[in-house]
Amino acid sequence: MFFSLRHLFYLAAVLLGVFLWIFYFQDMPYRSAPRQPISFSHRIHFERQIACIFCHADVAKSAYAGMPPVLKCMGCHREIIPYYPEVAKLHRYWREQRPIPWVRVFWIPQYVHFPHQPHILAGVQCGVCHGDVGHENRVFEVVNFNMGACITCHRAYGARTDCFQACHH
C-alpha cells in the first residue's frame, strides 16, 4: 500500500508543523510563570515600598541580579506573619539551612555579557525588561531577550549598538 502524493504532502506538513512547534516553543517554560517553591508575591512587597535592590542586592555590581539568601527573608519574616503558610515554608528552609530552590524566570544566552549596572546608571527602570513585577503575584518573562529586542531598546535610549564591544564576548 503506497501513500498518494496528497498523503505525503499532509505528512510533510504535519512533520514541518511539529518541527516548527518544537523549535519555537522549546524555551516556552522560560516565558511562562513557573511554579516556585514558595508562592512569593512581588506585589505585596512592592506595595510596602520595598525596593527591588533591597532583595536583589547584586543587581548593581553583577551580571546576575541574584536571589536573596534565606537570611535576608528571615530578617523580616521572623516576626512578620511567621505562621502564614508560604512564610512557614520559608521557616522550614531556614531551619534546615537550605537555600530556596527558586526556578529562574529570566534568561539571556550564555554568549551575551549583560551587566545591569550601566542600565541602572542610565536610568532604565527594572520594568522595561522585567515587566510590571511590582503588580505581579507570579513573575513571568515579558521580553524575549534576543538581538532585535536589545537593538530596539538601545536605539530608543541612544545606547551603544556595537555588539561585540558592548554585549557579546
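Residues numbered from 1 in each chain as written. Predicted model: local features only at pLDDT ≥ 70, side-chain atom pairs only at ≥ 80, totals over all residues. Heavy atoms only, no water.

Colleague: Which parts of the structure should I look at to understand the side chain of serine 41?
Modeller: Positionally, serine 41 belongs in the loop between α1 (5–25) and α2 (42–47). With relative accessibility at 9%, the residue serine 41 sits in the buried group. In terms of polar contacts, serine 41 uses its side chain to reach the backbone amide nitrogen of arginine 43, at 3.4 Å. In this structure the side chain of serine 41 is engaged in a polar contact, spanning 2.6 Å, whose partner is the side chain of asparagine 137. (Helix = DSSP H or I, 4+ residues; strand = E, 2+ residues; numbered from the N terminus. Buried < 20%, exposed > 50% of the residue type's maximum accessible area, 1.4 Å probe, protein only. Polar contact = N/O pair within 3.5 Å; in protein donor to acceptor, adjacent residues only side chain to side chain.)

Colleague: Is there a simple way to think about the packing of aromatic side chains in this case?
Modeller: Aromatic ring pairs: the centre-centre distance and the angle between the two ring planes describe each pair. Within this structure, the stated rule accounts for 2 aromatic pairs. With 6.1 Å between their ring centres and 55° between their planes, phenylalanine 9 and tyrosine 10 make a pair best called tilted. Relative to tryptophan 102, the ring of phenylalanine 40 has its centre 6.3 Å away and its plane inclined at 80°; by these criteria the two rings are edge-to-face. Of the two residues, phenylalanine 40 is situated in the loop between α1 and α2 and tryptophan 102 in the loop between α5 (85–95) and α6 (117–121); the sequence distance between them amounts to 62 residues. By relative accessible area, which is 29% here, phenylalanine 40 ends up partly exposed. The ring centre of tryptophan 107 lies 4.5 Å from the NZ or CZ of arginine 104, which sits over that ring. (Phe/Tyr/Trp six-rings, centres within 6.5 Å; stacked < 30°, edge-to-face > 60°. Lys NZ or Arg CZ within 6 Å of the ring centre and 35° of its normal.)

Colleague: Please explain the nonpolar core as it appears in this structure.
Modeller: In a soluble, globular protein the nonpolar side chains are often hidden away together inside. Core analysis: the biggest nonpolar cluster contains 8 residues, these being Ile38, Val70, Cys73, Met74, Val87, Leu90, Tyr93 and Ile100. Breaking this core down by element, the ones donating at least two residues are α4 (70–77) and α5. Excluding its chain neighbours within four sequence positions, the residues that come into contact with methionine 74 are Leu90, His91 and Trp94. Judged by nonpolar contacts, the second largest core, of 7 residues, contains Phe106, Val133, Val139 and Val143. (Core = buried A, V, L, I, M, F, W, Y, C linked by side-chain atoms within 4.5 Å. Contact = heavy atoms within 4.5 Å.)

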